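# Working through the structure, step by step
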Amino acid sequence: MLAKIELSVSKPSFLTWFQDTGITEVQNGVATVFVPNIFAKEWLQNKYHKTILHALRELTADVKDISYAVGKLDVPQGQALLHQSQKRKRFSPADASDEETLPMKELTVNPETNLNPRYTFDTFVVGSFNELAHAAAQSVIKNPGSGYNPLFIYGGVGLGKTHLIQAIGTELLRQSPGIKVRYVPSEKYMTEVVDALRNQEMNSLKDKYRTVDCLIIDDIQFIARTEKMQEEFFHMFNTLYQKNRQIIISSDRPPQAIATLEERLRSRFEGGMIADIGLPDFETRLLILRTKTETKKITIPEKVLMYIADSVKTNIRELEGALNRVVMAAKLSNTPIDEDAAKKIITSHINAPKKFLTAKKILKAISEFYDISEKELTAHSRKKDVVKPRQIAMYLMREELKFSYPSIGDRFGGRDHTTAIHSCEKIANNLKTNPELEEEIRMVKDRILLG
Ligand code: ADP
Ligand code: MG
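Residues numbered from 1 in each chain as written. Chains lettered and ligands numbered in written order. Predicted model: local features only at pLDDT ≥ 70, side-chain atom pairs only at ≥ 80, totals over all residues. Heavy atoms only, no water.

### Topic: the sheet that holds strand 6 (residues 214-218)
Spatially, five strands are ordered 5-6-7-4-8 in an open sheet, and the strand pairing comes out parallel. A single partner strand is all that each edge strand has here, and the edge strands are strand 5 (181-185) and strand 8 (273-277). Put simply, the sheet's adjacent strands are angled 15° from each other on average, direction ignored. Relative to strand 8, strand 4 (residues 151-155) runs parallel, the two sharing five bridges. Residue tyrosine 154 lies in a different strand from strand 8, and its bridge partner there is aspartate 276. (Pairing = 2+ DSSP bridges. Helix = DSSP H or I, 4+ residues; strand = E, 2+ residues; numbered from the N terminus. Axes fitted to C-alpha atoms, helices over the stretch in contact; angles between N-to-C directions.)

Rendered as structure tokens:
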């Protein structure tokens, strides 16, 4: 079963959440999964329950449900060893290279601070879409710890959150080389906490964070998935905050939109400065492309840059990606780039993800984004926090997949087609007057495209 799951989740997730789990018994159709600690229990329950159930059902149809129990798994020595050696083979460093690699890898991440030197202010283009976040960042650099604390930056995927918050860290270090800066993606922080608990090293982990002058924590929304993790984080946050240490946080949405975020954390986050990053306009996208070609020392006709800037609108990472593809194609064919060549390359790039958009993916993305189970989404509940996500899901199936209203109704527990029509119209109408909803739906779409 683990081998099956390993194929369907990311390597870090597998290592963190699954490798020390196992099934000890199946009784009356309920399989008991042993997990090393309470975090793993919550996480598996909340996030991977379905994955596990599916994997199990494929092996044995007898299993109807799963219960989770914290405890040690008694694996006979020989088996454990076999497992170990397989693991080593599967996770050899050699295959780490097929993971998403960032361009300019030669600039290595500093192991002390975890900062990537390529994220600096020199290469960060400022436009109206991110000027508030940029100004807040500058202010933090002037008064670390005593001005905006925490600084909370939010925005959609690929719009420069990681770049900006890391640039702050790098700049603070440049100003005062003696200070301790630490950048950590929240998922990594969670792994550290889980590991520390497993090895009874919680105190040394706490010490490690207690001494930091500037803590930068990326994609905080993941922490809200488990209560225990929020509690650990809350205590660490307070320790640093009380000592006037600078805390910088990023998220894909504002604190009030993180459904399961505890009130005490929310009010802490809201007590500092919250700044959003929106979408860059055409001029800014063009400027970003020009900046990138300058740093890469390549020349590309302005018309081609304009074409790229016009085609990729909502994600700076994709904007870069499109540029890279065009440059690469020109290099390979040893020809100068003209608009037609760029068009060909870009169109294939942009149209590719759409082909893979399915109703299943929409449901999955909505369920993850709003932290509602897919079952609840399609069921007949009228709970307020389910109604809107359900309407958005219907709306996306109509807009993106062109499903008929009856077939949309069918997918949501056999609802009548008039319900589907009503839902889609409601969202379409709200969109006209509510830019926040537009932003929200864009974030959901990003998530769908990311898979
Ligand atoms: P996020 O963390 O919001 O998903 P990233 O910070 O990873 O986004 O940015 C995605 C890519 O776009 C990175 O390669 C980054 O360098 C680039 N990028 C983002 N914002 C800007 C900007 N304002 N100017 C130049 N490059 C940017
Ligand atoms: Mg990021």
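### Observations concerning the site of ligand 1
Neighbouring ligand 1 are 18 residues, the closest being Val125, Gly158, Thr162, His163 and Glu320. Between asparagine 130 and ligand 1, the recorded distance is 3.4 Å, taken from a side-chain N or O atom to a nitrogen atom. Between an oxygen atom of ligand 1 and a side-chain N or O atom of threonine 162, the distance comes to 2.7 Å. Its free accessible area being 550 Å², ligand 1 has 96% of it covered by the protein chains. Listing elements by their share of the shell around ligand 1, those giving two or more residues are helix 6 (161-175) and helix 13 (316-333). Inspection of the shell around ligand 1 shows a minimum of three residues originating in each of domain 2 (107-277) and domain 3 (282-350). (Near = heavy atom within 4 Å. Polar contact = N/O pair within 3.5 Å; in protein donor to acceptor, adjacent residues only side chain to side chain. Areas by Shrake-Rupley, 256 points an atom, 1.4 Å probe, with all protein chains shown as cover. Domains from an automatic or database assignment.)

### Overview of the packing of aromatic side chains
Taken as a whole, this structure holds 10 aromatic pairs when the rule is applied. Geometrically, the ring pair formed by phenylalanine 237 and tyrosine 241 is stacked, given 5.8 Å between the ring centres and 15° between the ring planes. Residue phenylalanine 237 and its partner tyrosine 241 are both found in helix 9 (residues 227-242); the two are separated by four residues, about one turn of the helix. With a relative accessible area of 34%, tyrosine 241 lands in the partly exposed category. Each ring, one from phenylalanine 369 and one from tyrosine 370, has its centre 4.9 Å from the other, and the planes form 75°; the classification is edge-to-face. The pair formed by phenylalanine 369 and tyrosine 370 is uniform in burial state, with each residue classed as buried. Through a chain of ring-to-ring contacts, the aromatic side chains of Phe152, Tyr189, Tyr209, Phe233, Phe237, Tyr241 and Phe269 assemble into a single cluster. Geometry around phenylalanine 369 places arginine 253 over its ring, the cationic atom sitting 3.9 Å from the centre. (Phe/Tyr/Trp six-rings, centres within 6.5 Å; stacked < 30°, edge-to-face > 60°. Buried < 20%, exposed > 50% of the residue type's maximum accessible area, 1.4 Å probe, protein only. Lys NZ or Arg CZ within 6 Å of the ring centre and 35° of its normal.)

### Notes on the packing of helix 7 (residues 186-198) against helix 8 (residues 202-210)
As a packed pair, helix 7 and helix 8 sit with axes 8 Å apart at the nearest point and diverge in direction by 145°. For the pair formed by helix 7 and helix 8, the contact residues are Tyr189, Glu192, Val193, Ala196 and Leu197 on the first element and Met202, Leu205, Lys208 and Tyr209 on the second. Looking at the contact of helix 7 with helix 8, its residues break down into seven nonpolar, no polar and two charged. (Contact = heavy atoms within 4.5 Å. Nonpolar A, V, L, I, M, F, W, Y, C, P; charged D, E, K, R; others polar.)

### Focus on the confidence of the model for the chain
Here the chain averages 85 in pLDDT, while 88% of its residues score no lower than 70. Summarising per-element confidence for the chain, the mean pLDDT is lowest in helix 4 (residues 77-90) (36) and highest in strand 7 (residues 246-251) (98). Across residues 74-106 the pLDDT falls below 50, and counting only partners more than four positions away or on other chains, this stretch makes 20 contacts in the model. (pLDDT = per-residue confidence, 0-100.)

### Section: the sheet that holds strand 2 (residues 30-35)
Pairing in this open sheet of three strands is mixed, and the strands run 1-2-3 from one edge to the other. Two strands bound the open sheet, and with one partner strand each, they are strand 1 (22-27) and strand 3 (65-70). Averaged over all pairs of adjacent strands, the angle between strand axes in this sheet comes to 25°, irrespective of strand direction. Of the pairings in the sheet, the one linking strand 1 to strand 2 comprises five bridges and is antiparallel in character.

### Observations regarding the pattern of salt bridges
Using the criterion set out here, one finds 14 salt bridges in the structure. Between arginine 174 and glutamate 171 there is a salt bridge, with its nearest N and O atoms 2.7 Å apart. With a gap of three residues between them, arginine 174 and glutamate 171 both fall in helix 6, about one helical turn apart. Here glutamate 376 makes a salt bridge to lysine 383, at a shortest N to O gap of 3.1 Å. Overall, glutamate 376 belongs to the partly exposed group, its relative accessible area being 27%. Classification of lysine 383 as partly exposed rests on a relative accessible area of 46%. When salt bridges that share partners are traced, they join Arg182, Glu192 and Lys208 into one network. (Salt bridge = Lys/Arg side-chain N within 4 Å of Asp/Glu carboxyl O.)

### Concerning the pairing of strand 2
Sheet faces and side chains relate simply in a regular strand, where the side chains alternate between the two faces. A large share of strand 2 lies buried, amounting to five of its six residues. Following strand 1, the chain reverses through two residues before pairing antiparallel with strand 2; asparagine 28 in that reversal takes a positive phi of roughly 50°. Looking at chain direction, strand 2 and strand 3 are connected through six bridges and run parallel. Across the sheet, valine 35 pairs through a bridge with valine 70, a residue of strand 3.

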